[in-house]
Amino acid sequence: KSSMEREEQALAGAAMLPLARLAPARVVARPTLCVKSRRGVTGVSIADATGGTRPAICFPYGPISVGPRVRFPIAPNRAVGPEAVTAAVTTVDAFGVSAEQWELIEGNLFGASLLPYLVFLYYLGMPESKMPPRALFGFKFLLVFVFGTIPCAIYAKLVYNDILANVDWLHGPAESLLTITNLLIVIGLREGLRDVKGSDGGKRSKVSSVSGALLGWSAAATTATLAAVAAGAGGGVGNVAEAAELAASIAPAVGDVAASFFRHAEPANALSLPTWVIHVSSLIEWLVAMGLIWEYADATGNQKYKGLTWGMVPCHASGIAACTFHLFYNSPALNSVVATQAGLTVLGNTTIAIAAYRIAIEGGAKNTLPWEEGFVAPWKKNDPIGVTTDAKLDEVGSEDFAANIEEGATAKEGGLAGWEDLGKVWAGDSDLVLILKLALVSTVVSAAVKWGSLEVDFPFEPSVWLAFTLIFGPTALNMIKWQQISAEESAAR
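What this report covers is the structure whose coordinates are included nearby. (Residues numbered from 1 in each chain as written. Predicted model: local features only at pLDDT ≥ 70, side-chain atom pairs only at ≥ 80, totals over all residues. Heavy atoms only, no water.)

1. A few points about the overall build of the chain
Right, on to step 1. Scanning the chain from terminus to terminus reveals 17 helices and five strands.
Right, on to step 2. Across the 493 residues of the chain, 47% fall into the buried class.
Right, on to step 3. The long-range fraction of contacts in the chain, counting pairs at least 24 apart against all pairs at least 6 apart in sequence, stands at 76%.
Right, on to step 4. For the chain, the accessible area works out to roughly 22500 Å², and carbon and sulfur atoms hold 64% of it. (Helix = DSSP H or I, 4+ residues; strand = E, 2+ residues; numbered from the N terminus. Buried < 20%, exposed > 50% of the residue type's maximum accessible area, 1.4 Å probe, protein only. Contact = heavy atoms within 4.5 Å. Areas by Shrake-Rupley, 256 points an atom, 1.4 Å probe, with all protein chains shown as cover.)

As structure tokens, then:
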């Protein structure tokens, strides 16, 4: 053997996996003779639990099995012995809670968040609430995201024995459903504002209809892709998952080249740029929707809609918690952050449910419960298409209606500047142009986060308290902004 081969064999221990839970059940946590060196990668095999071997394709971030089971490549940065693996699996975080206990807490909280959201949809869907139809559909579409991520998480656990966040090729498409949800809400609110203000004669623009149709098609395509991947777990279309995973395995090699220009090397479970764009755009779009809802309250005269903006604050904080967890490369030491995300989801869904109830009552709805006379099931209600403009203008009067819009716009000019102001700044753009601008801004911010984090140390040194600061700091600023706007509007009256 050449000296280079002997050197690579001596360094084979560097390819050992850091956590046993990241490896499939049939593969031991020590891939053999597949290491990254400056001159290339040695292609060998993976030792099976039965003592046999299976062929493997080697990339700079570790081997990929091409046998009946496949897994995402991992980039260990040091050799880990069996005792270290066991300690990592059973470790507890700063609160003294194990990973298994956090998973139980997270699951219960996420499950509990569904009921208040259904209550929210019920009251928001009442004709008296006068929520723009496409925006209402966007809020309903969130259920597709909720139930779409469940099979993806199960697939990641069964096939990779890992969390969904560490399987990027599956994580990104699942989260894209949330981005589509938020875009539908934003476009729907813009349509509602145009209808109420009469800026388009009460008719939706063709560009808006086209952009809405594109979102609908993209939502259907994403859902179908995830369904195909989920079916692949049962062997139906397994080639789809294998092809997607093979494509995703090449991305770390590209990232490794880019990382040579930065202070730190990027871990293998880091989010790809498209997945970061999906997360960041979801946060920005939610803030834009909050601003549009505040404006819609002034436009329609139903001031209870401003309570919905306030109720959406914990939901946005939940999204920040998810991004914070990814910023620290999904470190198990920050499992409490995921539990915090789940808790904020429960809180946010509860607050928006209360806000939707107040909106409906303010609009004249009767508070009927399922067992009371006069109760109408949500699926039997008619969407309030074409009702918003005429009914509200007749009720308020054209002069008072215009005064409401002018007063709200003037009051909102004060306070802190934020992403939620983009809806007003870009109000003159078509929906399609707005989507493109949001995509561009999200891409720039995502690139700054993804590669800028490689120039600092804190993402590689997980701190629970720093993570909480990153979550609740921006949330506090968001609340201060809306409090300032509320105070200015109260003073103006």
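Let's pick the thread back up.
2. Focus: a nonpolar patch on the surface
Right, on to step 1. A cluster of nonpolar side chains, Val-146, Phe-147, Ile-150, Ile-154 and Leu-158, forms an exposed patch at the surface whose accessible area comes to about 450 Å².
Right, on to step 2. Its location among the elements puts Ile-154 in helix H5 (residues 133-160). (Patch = residues over 30% accessible without salt bridge, like charges linked within 9 Å, V, L, I, M, F, W, Y side chains within 5 Å. Salt bridge = Lys/Arg side-chain N within 4 Å of Asp/Glu carboxyl O.)

3. A word on the side chain of Asn-349
Right, on to step 1. Residue placement: Asn-349 occurs in helix H12 (residues 335-362).
Right, on to step 2. Contacts of Asn-349, omitting those with residues within four sequence positions, involve Ser-113, Pro-116, Tyr-117 and Cys-315.

4. Quick notes on the nonpolar core
Right, on to step 1. Counting residues in hydrophobic clusters, the biggest one holds 76 residues, and the most contacted among them are Phe-120, Leu-124, Met-131, Phe-139, Tyr-305 and Leu-308.
Right, on to step 2. Counting residues per element, this core draws most heavily on helix H9 (residues 273-300), which supplies 15 residues.
Right, on to step 3. Sequence-distant contacts of Phe-139, that is, excluding residues within four places in its chain, are made with Tyr-117, Phe-120, Leu-121, Leu-124, Met-131, Ile-185, Trp-286 and Ile-293. (Core = buried A, V, L, I, M, F, W, Y, C linked by side-chain atoms within 4.5 Å.)

5. Remarks on the side chain of Lys-306
Right, on to step 1. Looking at the element boundaries, Lys-306 is found in helix H10 (residues 305-311).
Right, on to step 2. For Lys-306, the residues in contact, after removing those within four places along its chain, are Trp-294, Ala-297, Asp-298, Glu-489 and Arg-493.

6. Quick notes on the packing of aromatic side chains
Both the distance between ring centres and the angle between the ring planes are used here to describe each pair of aromatic rings.
Right, on to step 1. Inspection of the entire model under this criterion finds 17 aromatic pairs.
Right, on to step 2. Seen from their ring centres, Phe-120 and Phe-139 are 5.2 Å apart, and the 80° between their planes marks the pair as edge-to-face. Placement of the pair is Phe-120 in helix H4 (residues 114-124) and Phe-139 in helix H5, with a sequence separation of 19 residues. Comparing Phe-120 with Phe-139 shows no difference in burial state: the two are buried. (Phe/Tyr/Trp six-rings, centres within 6.5 Å; stacked < 30°, edge-to-face > 60°.)

7. Digging into H9
Right, on to step 1. Counted at 1.5 Å a residue, the expected span for H9 with its 28 residues is 40 Å, and the 40 Å between its end C-alpha atoms agrees.
Right, on to step 2. In terms of burial, H9 is largely enclosed, as 25 of its 28 residues are buried.
Right, on to step 3. Backbone geometry just after H9 places Gly-301 at a positive phi near 85°. (Expected span 1.5 Å × (residues − 1).)

8. Description of the pattern of salt bridges
Right, on to step 1. Across all of its chains, the model carries eight salt bridges by this definition.
Right, on to step 2. A salt bridge links Asp-431 to Arg-190; the shortest N-O distance between them is 2.6 Å. Here Arg-190 lies in helix H6 (residues 168-197) and Asp-431 lies in helix H16 (residues 431-452), a separation of 241 residues in the sequence.
Right, on to step 3. Given a relative accessible area of 4%, Arg-190 falls into the buried group.
Right, on to step 4. Glu-266 is the salt-bridge partner of Lys-450, the closest N and O atoms lying 2.7 Å from each other. Of the two residues, Lys-450 is situated in helix H16 and Glu-266 in the loop between helix H8 (238-259) and H9; the sequence distance between them amounts to 184 residues. Each member of the pair, Lys-450 as well as Glu-266, carries the same accessibility label: buried.

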